[in-house]
Each structure stands twice: as C-alpha cells, then as structure tokens.
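Here is what each chain is made of, one letter per residue.
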Number of protein chains: 2
Amino acid sequence: MKEKKAIIVGAGLVGSLWAIYLSKAGYTVDIYELRDDIRKVDISAGKSINLALSYRGWKALDNVGIGDEIRKIALPMFGRIMHDKKGAITYQAYGKEDQAIYSVSRGDLNAKMMDLAESFENTSIHYNHKCIDANLNKGIVYFENTKTKKRIERNATVVFGTDGAFSAIRIKAMQKTYRFQYSQHYIEDGYREILLPANKDGSYKLDKKALHIWPRGRFMLIALPNEDGSFTCTLFMPHKNNKNSFENLKTKDQINDFFKNEFLDFYKMIPEIAEIWGNHPLSPLAIIRCYPWAVGKAVLMGDAAHATVPFYGQGMNSGFEDCTVMEELRKKYNEDWEAIFDVFQKQQKPNGDAIQDLSLHNYHVMRDFVGDTKFLLQKKIEAEFSKKHPDKWLPLYSQVSFSDIPYAKALQVGKQQNKIMKEVMQLDNIETIWDSEEVTAYILKRL
Amino acid sequence: MKEKKAIIVGAGLVGSLWAIYLSKAGYTVDIYELRDDIRKVDISAGKSINLALSYRGWKALDNVGIGDEIRKIALPMFGRIMHDKKGAITYQAYGKEDQAIYSVSRGDLNAKMMDLAESFENTSIHYNHKCIDANLNKGIVYFENTKTKKRIERNATVVFGTDGAFSAIRIKAMQKTYRFQYSQHYIEDGYREILLPANKDGSYKLDKKALHIWPRGRFMLIALPNEDGSFTCTLFMPHKNNKNSFENLKTKDQINDFFKNEFLDFYKMIPEIAEIWGNHPLSPLAIIRCYPWAVGKAVLMGDAAHATVPFYGQGMNSGFEDCTVMEELRKKYNEDWEAIFDVFQKQQKPNGDAIQDLSLHNYHVMRDFVGDTKFLLQKKIEAEFSKKHPDKWLPLYSQVSFSDIPYAKALQVGKQQNKIMKEVMQLDNIETIWDSEEVTAYILKRL
C-alpha cells in the first residue's frame, strides 16, 4: 500500500475543496497558505468579492456532500437585467425558468470551505507559509514561514498546486523545467469594484434576482447581489489609450461626469461615487496558459493551471470541475498518480484553453451585444428552438453554465450554432416570424 | 552631474559588447556573471558553438572600434550549398558577389570581447554571481556568490539585463511587476550538434566558403566552418510525434540508418556518427516575448528581451543592434535613462517581434524551400531585378542580413515582395523568360 499523504499549496477555493475530497479518500492532507487565516483578518479590501456559482461548481460541491451548506449563502440570479443610458431596462433569462447562477461572496465561501476541510482530523491548514521552491520529482516543497522567516521542507506522495494565477509552485519550480510552455497575457482592460449599499431599511436598491449589466460597447458596469442587501458592482474598461479609460478617471469631477453621463440611474443610487472610488484598487486582468500541468509528483489545478478573465463567471467553476475530474480519475486509476496526472492534463488542457477563449468572447457579449435588440432576438430564437428540440440544441450559455459538457466541446458546438443563427437572422421579416414553424424548419434542415 | 555607474547582469556576447560601449562613455561598469570565467574552463560541451555574424553585428562591433579584432576569427560564407538526397549540390549566393555572413565560434568571440571589456580599467567582471532578485526602481540587484554562498547587494544608476533567454533579472524581478506581458514558447523541434572533424592534413571536408544545408522538408542538417578545418553541424528536427524525430533516434542502428537514408554524403564523411551522437545534448528551441523591456532603472537587451530561434542567424546580430540603438539614444538623450529606456523599448519591441516571426519563417525556407527549384528561380529573379533597380528592390534576406533596415520594416516589405513574386512565378514560361525585360516591366508596374 502506498502512503496516502498529500501537500496542497494554497488554501483558496480549489485548494480547500480538493482537501475535502482527499480527506474523504483517506489522505493525510497538509495545506500551506501564504496569507494569514482569512477567517481572522479583514479581507474587505481584497478583490473579486463576488463570484457566480453555476452547474459545474455545484456538481463538484454536491459530489463531496457540501452543496447544501453552500446553498445557505448563495443568491440565485435567474437572468440579466440590462440598463441602457436612459435607464430603460431589458431582461434576458439565463436559461429555463428555474435555472439560475448563484451570487456568492468569495470570502464567505472560502471560510466555509476551510471550516469543512479542517473538520477532518487528517487535514491541517498552515498559514503564513510561502512556497519558495520545490523538487517536483521527489515531491518536496520548500516553504518560508513569513512570520518567523524559518525555512522548512515538506514532502508527500503527491503535491497539488492550487495557488492561483500567480502560483508560486509554477513560477518557482515548474517554469524552468524542460520545454515548459508558459504565457501570462494581460488584456487591455482592468476593473475596479464599487460597493452599492443597501437601503436604510436593509432592502435592495436593484432587483436581487438578476445580474445587472450597464453595457456600453467598449466598457461596462455590472452588479451582483450580496446577502446583506448591498450589491458588489464592478466597472470594466481599458486602462488607457481610450477616451473612456481608467487613466481618464482621476479627479472627482471626471468620475462624477463619467457616471452621470454613462450610468445616470446608477449614479442616482450612489451620488457619493467619487468619494468611495478609492475604496478598492484598480486591478489588472490576465489570461495564464501553461503546459504541462503536471511535472513529477506535482500537478496544477484551477487558476494555477488556467487562470482566465471573469466574463463567463467560470473561473471558480472550472477550478471546481478540475476536482470532479481529478476525483473520477483517482478512483479509476486507483491512486496511480502518474497515470492520473497524465490523463488529467491531456483531458483538461483543451478545456482550460476553451474556457479562456469563451471568457474573452463573453466580454464582447456582455459589454456590447446584450444591448443590441438583434442579439437578444437571436437568443430568443435559440431558446425557442431549444425548447421544441432540447435534444438538438442547447444554447452556448446553457452548455457552459447549466451543463458539464466539456468546454472545448461547447466552444465547438457554439461556433456551429452561431454560423446557423447568422443565416437565420438574415431571413426576411425575422422580427415577425421568429417563433414560426418556418424558422424551426430552417434550423432543422441546417443541423 | 549624475553618477555614471552601471551594473550589467550577464557577461555573454551582448553584455560584454555593451560593457565596452559604456566603458568608453565613461561609466564604471560591473558585470555579474553566473558562470565561471569561460576563458579558464572548458565549454566544449556547451551549445550553439557557431554563430553567423552579419551586417548589424559588424556595425555594432565597428561602432566601438573592435570589428577588426573580431574579423581575425571570422570565416566568410558567401552562400548556401544545398545537398540533396543523392548528394547533388546546388549553390545560392546570399547577396552580391562580395557579400557574406561570417561563421564565428561563440566561445572565442565571447572570450575576445571579455578581454576587450576588461582592458578598460573602469570595468570589472565578477564570475560565479547568481542574480537572485532585484529592486528595479532603486537600481539594486541581489546576487549570491555560487562558490561562497554569500549574498550581496549592489546598486547603480542604471542596470542592464543581458543574461539571455532565461534572464534571471526578468524572471526573478520583472515577471511579477504590474501587467508584465510574458511568454516562453518552445517550438516542436529541437537540435543536436555534431562535430565534423577536419581531414588528417587539416583540410576541410566541405567547401568552407559556404553554409551547408541538407534540406529534408520537415527537418534539416546544417554545417558551418570552424577555423581548425572542422565543421560544426546541427540537426534540427521534431522532438517527437513524427517518424523523423529525436525520439526515434535512440539506438545506434536507428542513428546509422537515418543518416545513411537521409544524408548519405554526410554519413560517408563521418561513419562514426552513432558513436559521437551523445557528445552534445539534445536542446530545445524557444521564442521568448515580453513587455515592457524596461522597469524602473533596469532594461533588458538581446535574448533577455527577445530570444528567438536560430534560423535567420540573427539572435546575436539583433542583440548587438540593441547596443547600436541604445548608444544612439544615450547620446541623443544625454544620459537621461528614463527617456532612453522609454524610446528604446517602444522602438525596438516591434523589431524584436519581427525578427522572431522572420526566424520562424526562415526555418521553412531552409529546411524545405531551398531544395525547391521554383523557389531558387524566384530568388534568382529577385536578385536580377534588384541588380537592375537597386533603389526599388532589396531581397528580404539582404534586408535582414546586409542592411540595418529595421526588422519590422523588412518583414512588411518582404510580404509585399512575396505577393508580387507569387504573381511573377505564374507568368507563362517563367523558367525561360525569367531574366527578360518583360518580367522586369511586370515587377516595375506592380511596385
């Protein structure tokens, strides 16, 4: 019998979840985390406070029996509400009537999952431990205790790097290995978060059953509900080289003018916008690609392997899906980690690439297309056809958010669908015949 | 007056040359080099022993008055000699009659340039110093002496990272800075060097006035002359996933069969090929792209900024050209390094990208097209037209190797030329009318 001993580098969302899987499988799990225990320190100045849990995420949570615990802190969003410049509102359902994505606080979710992980006596989380190097073939990881400056070395049968986009184990140990492919690409845009507080009576200022979008072509504002009546809002736009860019939002006048001109309904809810502008930092957005994901006894999962931009709400979900897949392979290959890693990376790398492509594409959808009546009509036609022939057509958004169809497959099918829909949108009087048998017949013929 | 104090990280070709420039400009220069003094240790097991110096390289050497010293150890190659599978030979001149690229030993060249750099009393080279981190804004670099393990910190007004494709200053300090774009991409192919010795009487086994190529479509063998009568030969081919790949050259039988089948004339000169196969390692080939090149008081030059694959023979030449450009800017902006760096990276980044694209393209030219009579005819037509109208047409190879036209411009002009030549090659009886007035007129009209 092999020793069942695992090191997990990074106690974030994927690391905590994967620790629960391994604990249940009888592993002794040691998680090493760079930061202090987030349950004891204030992280409100952190980033990406809100996340959207969808099908793949829930599946991974339910697989290990903790879905219901998390449901207690998750708010369903059944569709998008678009706000145009005049304040007029359009609604688009995400999927079928009862289908929703769920707004959840990153901090609350992570704290809850750490509690759950630590409830297993064979699992420990070690805070303030910085990964400084690793011997990947031997399964040894070197850490420095950031408080005592003491350096330690730890080894295990298997090492998981779940330490995010700027994974130390990847940068310090993997990047220099033979023919390691790597790229970190920052897109032109950045983001800044804005907290829209609850009304004085604790009620919500916007419909809390939807994700709100102010699409403006080259930039956008979005809002996701929190449990306490507030919304976490995020402005995405270019850093510079554009009239509407963060470099042109420096003074209070610039900020006020910008919000009054572009998001008047939003501005009226939060006229103190210029005062609270600096509460959250301007942050960059990166796509990280690498390969292989596994070297020796170590493997990357989640953002460490395939960090993406947040526009499809799939960063966490794809990381959680890594846990689902890794667990299936662990059982199938009976703890033969060399075989498991080999299959895992070959299978998941195309899906990591695909969700990155899909995420970039969905930025255009969110900031631009959702404000376009033609696009919304196209989505209505797809939904209608899908209702009539669910076995023949699942809209791309539903494939990504409400199924576990591999992302690479979804991307490919989505491209075919888009080709057909381009033709359909050219049909005479499509605005009036959109739900007719004629249109259904046309699509059926083209499939 | 600002203090004129510079740190150069890496005593390779670009670092040594740039040290000479700075020494002459009155700087106190400290070069820190990871390796031991190459003049004292054997580096014959190293890689890339031969390089091809061309116009840009000579210009940078002559600018600082050391060209003639280097000419003593450089061998001119006036064209390519292609060897087909039957041993038949074709010759293609590189440029005009007296134009050549020059084969030079990396080790000899580097040693000579270190000697020249150290001949300035304001310049010192510190060996066995590993760059472990840097404070780029303060101009501080941290080194570890690899022999004593002692750590030191050094500071300067300006820091130059000339430490190659796997630049420590880039990896340890720049990669984590705000929105630093970075990619390391390994191509499918690798290379292995083979030394073809001189005849017993010291004479050359092949014509020493040319670069020899055995083009074989998906792979190729090349040979460059050394001063001692030997040739340094290099086999380029895929690592794997191909019938002809390094993974299929493991046993002596495989190696012998391969060389007998593919390079019989070469095999006859070196029937001991299977015995000496392991003398040099199999090495990978990477393209490194990054931006910015300058952060704070530090800037990257040469491979550290824009490492490329060796197929245009421009790796060293482009690094030397960085010295030419940096020197022009140093004078123009009167030691205002912030301004110099800003202009340098904006001007040179497109050229770095272009030489990488050109290098990748030239792999196809060398391994495939040069074996094609149509391609050789096209090049003959271009040479002929260029002779008649030198002000209207400089062939791409000449732009890159025999001029200092910026690489980005050369790439762009080369694409236009190729478009025109595709049409020309479609003309009726082009094989017979290739040097006619009709063809000249056609090209003139299309320009």
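Above this text is the structure in question.
Residues numbered from 1 in each chain as written. Chains lettered and ligands numbered in written order. Predicted model: local features only at pLDDT ≥ 70, side-chain atom pairs only at ≥ 80, totals over all residues. Heavy atoms only, no water.

## Some thoughts on the nonpolar core
- Among the nonpolar cores identified, the biggest contains 150 residues, and A:Phe160 and B:Phe160 are the most heavily contacted of them.
- Once residues lying within four places of it in the same chain are set aside, the contact partners of A:Phe160 are A:Ala6, A:Ile7, A:Ile8, A:Val9, A:Trp18, A:Leu22, A:Val299, A:Met301, A:Met326, A:Trp337 and A:Phe341. (Core = buried A, V, L, I, M, F, W, Y, C linked by side-chain atoms within 4.5 Å. Buried < 20%, exposed > 50% of the residue type's maximum accessible area, 1.4 Å probe, protein only. Contact = heavy atoms within 4.5 Å.)

## Describing the pattern of salt bridges
Residue and element names in this part refer to chain A.
- Following the criterion strictly, the structure yields 60 salt bridges over all chains and no others.
- Glutamate 437 is the salt-bridge partner of lysine 388, the closest N and O atoms lying 3.7 Å from each other. Linking lysine 388 in helix 12 (residues 373-388) with glutamate 437 in helix 16 (residues 437-446), this pair joins segments that are 49 residues apart in sequence.
- What makes lysine 388 partly exposed here is its relative accessible area of 31%.
- Taken together, the salt bridges that share partners define one network made up of Asp37, Arg39, Lys40, Asp115 and Glu118. (Salt bridge = Lys/Arg side-chain N within 4 Å of Asp/Glu carboxyl O. Helix = DSSP H or I, 4+ residues; strand = E, 2+ residues; numbered from the N terminus.)

## A short note on the environment of A:His306
All names here are of chain A.
- Positionally, histidine 306 belongs in helix 9 (residues 303-306).
- For the pair histidine 306 and serine 318, spaced twelve residues apart in sequence, the C-alpha to C-alpha distance is 8.8 Å.
- In contact with histidine 306, not counting residues within four places along its chain, are Ile288, Trp293, Ser318, Gly319, Asp322, Gly352 and Gln356.

## Some words on the sheet that holds strand 19 (residues 298-300) of chain A
- Read from one edge to the other, the open sheet built from six strands follows the order 8-2-1-12-19-18 (chain A), with strand pairing classed as mixed. Edge positions in the sheet fall to strand 8 (123-126) and strand 18 (294-295) of chain A, since each of these pairs with one other strand and no more. (Pairing = 2+ DSSP bridges.)

## Some details on the sheet that holds strand 4 (residues 75-77) of chain B
Residue and element names in this part refer to chain B.
- Overall, antiparallel pairing links the three strands, which are arranged 3-7-4 in an open sheet. Every interior strand has two partners, whereas the edge strands, strand 3 (50-53) and strand 4, have only one. Within the sheet, the average angular offset between the axes of one strand and its neighbour, ignoring direction, is 35 degrees.
- Bridge count for strand 3 against strand 7 (residues 101-105) is four bridges, and the pairing is antiparallel. Each residue of the ladder has a partner; that of alanine 52, found in strand 7, is serine 103. (Axes fitted to C-alpha atoms, helices over the stretch in contact; angles between N-to-C directions.)

## Some details on the pairing of strand 1 (residues 5-9) of chain B
All names here are of chain B.
- When you tally the buried positions in strand 1, you get four out of five residues, the bulk of the element.
- Pairing analysis gives five bridges linking strand 1 to strand 2 (residues 28-32), with the strands arranged parallel. Considered in strand 2, the bridge of alanine 6 is made with valine 29.
- Assessed by its sense of winding, the connection that carries the chain from strand 1 through helix 1 (residues 13-24) to strand 2 is right-handed.
- Here strand 1 runs beside strand 12 (residues 158-161); their pairing, made up of four bridges, is parallel. The residue bridging isoleucine 8 from the neighbouring strand is phenylalanine 160, located in strand 12. (Right-handed = clockwise from strand over helix to strand, strands pointing away.)

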